[in-house]
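# Structure at a glance
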Amino acid sequence: MEIRLTGVSVTFPDREHPALDDVSLTVEEAEHVVLLGPSGSGKTTLLRCVLGAVKPTSGTLTVGGKNPAKAAELRAIRRCTGVVRQGNDLVHGLRAQTNAVLGTSPSWGLRDWAAVLRGRVPARYAERVRTLAETQGIQPFLKSQVESLSGGQRQRVALVRAVLPEPRLLLADEPTSGLDPVTAQAAVHTLREASGVTVVISTHDLSIARQFPRVVALRDGRVCFDGPELSERDARDIYEGVEVGT
Ligand code: ADP
Ligand code: MG
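None of these values were measured; they are calculated from a predicted model.

### So, the site of ligand 1
Taken together, the neighbourhood of ligand 1 is formed by Phe12, Arg15, Ala19, Pro38, Ser39, Gly40, Ser41, Gly42, Lys43, Thr44 and Thr45. Gly42 places a polar main-chain atom, nitrogen or oxygen, 3.0 Å from an oxygen atom of ligand 1. Its free accessible area being 560 Å², ligand 1 has 66% of it covered by the protein chains. A per-class count over the shell around ligand 1 returns three nonpolar, six polar and two charged.

Following this line, the structure appears as structure tokens:
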């Protein structure tokens, strides 16, 4: 799904500086884009705009030609979008495998519900959940309650949940934070493996960013870099002079 921002600004109440400042950006259908930028540069705000969770103060935004500010259009967008949020939002009290299938719930029938209520994975998803869990190294924890998992393990459950419904758009906010390099690589591979899917992820990991065909960097809410290859120099410029604690 194509994402098109035209002059999008977001200013939160009681904030002096905009979180997004006149951002114009088009992500083409099936394009894979990585978002970089110092903490507070607006990455999460941009992703939340696409999800309709934050409304632009000015400018326009369409996702697959639809306007996320309109409830009916937002529902249509959300139906074909997979999301991995920062500080993922798994449902406590449920097993990891139950959380992993939750994104498919709109298409559940009675048989599926019956399985889920018993803490099982509906038969039609069983093989895919097993494969994804193996790739992510979370197979041993599938039957555990999510609150007993480590942050990195939860992150990977959230990732499986996002890709299982085979979305056309995948948005992932720092999906590899807290993962070791090997696990992080597997996570990125899973996010990017389905063909034809538009993928936008944010990260602080430059080695991951360099694997993407397009890097967009934000600085103080503005796009400060947009290109196919990130050199050492570009990376330095993006983070140069960032003051810690501001
Ligand atoms: P990033 O994800 O790049 O770290 P964010 O998009 O989370 O940056 O934040 C951009 C700016 O907007 C920051 O200054 C942050 O404090 C501010 N901000 C984000 N969300 C809110 C909010 N809900 N209310 C007020 N300010 C916010
Ligand atoms: Mg963020």
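Now that the structure is up, let's keep going.
### Brief notes about the sheet that holds strand S2 (residues 20-27)
Pairing is antiparallel across the open sheet formed by three strands, whose spatial order is S2-S1-S4. The strands lining the two open edges of the sheet, one partner per strand, are S2 and strand S4 (58-63). The sheet shows a mean angle of 15° between the axes of neighbouring strands, direction not considered. Alignment of strand S1 (residues 3-10) against S2, held across five bridges, turns out to be antiparallel. Looking at S2, one finds that Ile3 is bridged to Val27. Running at roughly 60° to S2, helix H1 (residues 43-50) makes contact with S1, S2 and S4 of the sheet.

### Comments concerning the pattern of salt bridges
Opposite charge on two side chains makes pairing possible when the charged atoms of those side chains draw close. A full pass over the atoms with the stated rule returns 11 salt bridges. A salt bridge links Glu2 to Arg4; its shortest N-O distance comes to 2.9 Å. In this structure, Glu29 engages Arg168 in a salt bridge whose closest nitrogen and oxygen atoms are separated by 3.8 Å. Of this pair, Glu29 sits in the loop between S2 and strand S3 (32-36) while Arg168 sits in the loop between helix H6 (151-163) and strand S6 (169-173); the two residues are 139 residues apart in sequence, bridging distant segments of the chain. Taking relative accessible area as the criterion, Glu29 reaches 44% and is therefore assigned partly exposed. Via salt bridges that share partners, Glu31, Arg214 and Asp226 belong to a single interconnected network.

### Overview of the nonpolar core
Within the largest apolar cluster, 44 residues are counted, with the highest numbers of intra-cluster contacts made by Val101 and Ile201. Among the elements that line this core, the one with the most residues is H6, at six residues. Each of domain 1 (1-80 + 167-246) and domain 2 (90-166) accounts for three or more of the residues forming this core. The residues touching Val101, leaving out its near neighbours within four places in the chain, are Trp108, Val116, Val121, Pro122, Tyr125, Val129 and Leu164. Formed by 27 residues, the second largest nonpolar core is a distinct cluster that contains Leu46, Val54, Cys80 and Val83.

How each quantity is defined
Residues numbered from 1 in each chain as written. Chains lettered and ligands numbered in written order. Predicted model: local features only at pLDDT ≥ 70, side-chain atom pairs only at ≥ 80, totals over all residues. Heavy atoms only, no water. Near = heavy atom within 4 Å. Polar contact = N/O pair within 3.5 Å; in protein donor to acceptor, adjacent residues only side chain to side chain. Areas by Shrake-Rupley, 256 points an atom, 1.4 Å probe, with all protein chains shown as cover. Nonpolar A, V, L, I, M, F, W, Y, C, P; charged D, E, K, R; others polar. Pairing = 2+ DSSP bridges. Helix = DSSP H or I, 4+ residues; strand = E, 2+ residues; numbered from the N terminus. Axes fitted to C-alpha atoms, helices over the stretch in contact; angles between N-to-C directions. Contact = heavy atoms within 4.5 Å. Salt bridge = Lys/Arg side-chain N within 4 Å of Asp/Glu carboxyl O. Buried < 20%, exposed > 50% of the residue type's maximum accessible area, 1.4 Å probe, protein only. Core = buried A, V, L, I, M, F, W, Y, C linked by side-chain atoms within 4.5 Å. Domains from an automatic or database assignment.

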